[in-house]
Amino acid sequence: MKLWDKGFTINDKIEKFTVGKDRILDAYLAKHDAIASMAQANMLAKVGLITNAENESLQIALKEVLGLIEQGSFEIDDNFEDIHSKIEAYLIEKTGDAGKKIHVARSRNDQVLVAIQLFEKEYLKNINAKILDLISILLQKAEQYKEAQLPGYTHFQAAMPSSFGMWFSAYAENLLTDLYFFEAAYKIADQNPLGSGAGFGTSFPIDRIQTTQEMGFSEVLVSSVGAQMLRGKTEKSVATALAMICGTLSKMSYDLVLYNSQDLAFVKLPNEMTTGSSIMPHKKNPDVFELTRAHCNRIQALPNDIMLTINNLPSGYHRDYQILKEILFEPMMQFDNIIDILTFAIPQLEIKSGYMDQAKYDPIYTVENINDAIKNGTPFRDAYRQVGLSVENGTYVPHKEFQTTHVGSIHNLRLDLIENKIENFKLDASICK
């Protein structure tokens with residue numbers, strides 16, 4: 001069954017090309033199409049376009065569809081172009097003429113669009129919760145290792161003293177900052193396009209407010225033309241949100257690959273979390289973080305990929321949008337796996353000890369030597385030159401005893417302030433409600 005079937009056949013090559021990967025990727029949309037169809041049927045009954053008895057039979061059949069989807073047994077065979085035609089065929093088989101009426105006042109355009117909106121809205125909400133869990137784990141590690149000093153690097157050179165408390169809390173706070181992009185994407189996904197039809201509305205007296213409320217959208221996207229413009233906009237906003245998080249996770253993974261190396265040896269992964277070499281028996285490779293880095297770097301390209309696909313398209317629907325599912329859906333699932341593996345791996349990280357005692361790290365205390373001289377009355381520029389000369393002539397003795405006091409420094413992490421930010425985000429962000 002094809003929703004656009006007018007009684008004539010289409011060339012097999014053309015059909016195969018235009019269907020693309022819809023039969024595979026539409027599995028992600030199946031539940032959401034059924035939910036939207038339930039709201040559609042209820043609305044049609046309310047405005048008198050189908051009878052209450054027809055609606056009741058449709059609701060029963062759609063609940064059966066949801067059950068089959070949950071069991072993983074609702075498959076799209078070659079007789080159907082996508083999930084939408086498969087569900088409609090099931091409804092016709094189960095309910096007769098009622099199934100043939102479900103598409104009244106609805107276009108393929110708004111049918112697909114509302115399923116995508118629901119899918120991406122649910123996805124963002126679930127991933128947001130997982131990232132908040134990861135942030136919590138990072139803050140726990142920050143508290144656990146707040147006393148563990150760490151060489152801070154700039155230009156790949158040891159620069160100044162840092163700490164693992166600062167390092168873990170830095171990534172926790174940055175991930176929270178990235179979640180603001182998730183909130184923005186969620187707000188775009190949390191708008192109902194159903195009822196916009198092919199992009200120009202309908203002459204039937206439908207109730208778009210009812211379907212908006214029933215499907216749990218915060219608001220209806222009022223303009224029928226504007227509703228169709230969500231296609232591509234929502235996908236790009238989701239891709240941007242993922243890219244922002246991935247930028248942070250890629251950086252964190254790169255740090256951990258370096259910190260796990262023999263040359264630095266700041267952290268240790270349990271043996272069962274490393275891989276070996278086929279010829280070098282001593283190797284314990286941090287593949288989990290290397291693959292995380294690679295996947296995250298690929299995901300950061302998604303917004304550009306989507307932009308190049310839909311750039312300069314005029315208003316209205318275009319088949320170009322179909323490709324967005326191929327671009328975005330599988331990376332969305334890959335990102336879910338990334339968060340799961342990091343949530344599993346980070347708690348098992350061990351921080352080693354003794355590495356700060358190595359003479360090669362003595363120069364990172366030069367700023368503290370300067371600060372000590374300033375406290376004793378030496379002007380900064382003079383102190384800078386004196387300490388620099390001492391490093392060059394071999395008389396430098398590191399000033400390792402120092403105390404920081406300002407918010408966000410080694411000895412005053414103020415993790416409570418970051419936790420307050422998290423709680424405020426949970427209270428304010430619609431994605432958390």
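Look a little higher up for the structure.
Predicted model, so just to flag it, every value in this text is computed and none were measured.

Participant: Help me understand the layout of surface pockets in this model?
Facilitator: Counted as a void, the largest pocket has a volume near 370 Å³. Considering the residues around the largest pocket, the lining is formed by 20 residues, among which Met160, Pro161, Glu368, Thr404 and Ile410 are closest to the centre. Elements represented by at least two residues in the lining of the largest pocket include exactly strand E1 (149-154), strand E2 (157-163) and helix H15 (366-375). Considering every element that reaches the lining of the largest pocket, the biggest residue donor is E2, with four residues. Taken together, the residues of the lining of the largest pocket break down into seven nonpolar, nine polar and four charged.

Participant: Looking at this structure, how should I read the packing of helix H3 (residues 30-46) against helix H7 (residues 108-144)?
Facilitator: The description of two helices packed together rests on the angle between their axes and the distance between the axes. Viewed as axis vectors pointing N to C, H3 and H7 meet at an angle of 120°, and their least axial separation amounts to 8 Å. Here H3 lies oblique to H7, going by the angle between them. The two elements H3 and H7 meet at a crossing, and its hand is right-handed. Residue-level contacts link Lys31, His32, Asp33, Ile35 and Ala36 of H3 to Gln111, Val114, Ala115, Leu118, Phe119 and Glu122 of H7.

Participant: Hey, could you run me through the pattern of salt bridges in this one?
Facilitator: Opposite charge on two side chains permits pairing when their charged atoms draw close. Under the definition given, this model contains 17 salt bridges. Note that Glu122 and Lys31 form a salt bridge whose closest N and O atoms lie 2.6 Å from each other. Of this pair, Glu122 sits in helix H7 while Lys31 sits in helix H3, and the two are 91 residues apart along the sequence. Assessed through its relative accessible area of 31%, Glu122 is described here as partly exposed. Take Lys31: its relative accessible area is 30%, and that puts it in the partly exposed class. With a shortest N-O distance of 2.7 Å, Asp190 and Lys121 are connected by a salt bridge. Highlighted residues: Asp190 in the loop between helix H8 (164-189) and strand E3 (191-192) and Lys121 in helix H7, separated in sequence by 69 residues. What makes Asp190 buried here is its relative accessible area of 5%. Overall, the relative accessible area of 10% leaves Lys121 in the buried class. Taken together, the shared-partner salt bridges in this structure form one network comprising Lys130, Asp336 and Asp340.

What counts and how
Residues numbered from 1 in each chain as written. Predicted model: local features only at pLDDT ≥ 70, side-chain atom pairs only at ≥ 80, totals over all residues. Heavy atoms only, no water. 1 Å grid on protein atoms, 1.4 Å probe; cavity = no way out; pocket = protein on both sides within 12 Å on 5 of 7 lines; lining within 4 Å. Points joined across faces, edges and corners; volume = space filled by probe spheres on them. Helix = DSSP H or I, 4+ residues; strand = E, 2+ residues; numbered from the N terminus. Nonpolar A, V, L, I, M, F, W, Y, C, P; charged D, E, K, R; others polar. Axes fitted to C-alpha atoms, helices over the stretch in contact; angles between N-to-C directions. Parallel < 35°, antiparallel > 145°, perpendicular 65-115°, else oblique. Left-handed = near helix turned anticlockwise from the far one by under 90°. Contact = heavy atoms within 4.5 Å. Salt bridge = Lys/Arg side-chain N within 4 Å of Asp/Glu carboxyl O. Buried < 20%, exposed > 50% of the residue type's maximum accessible area, 1.4 Å probe, protein only.

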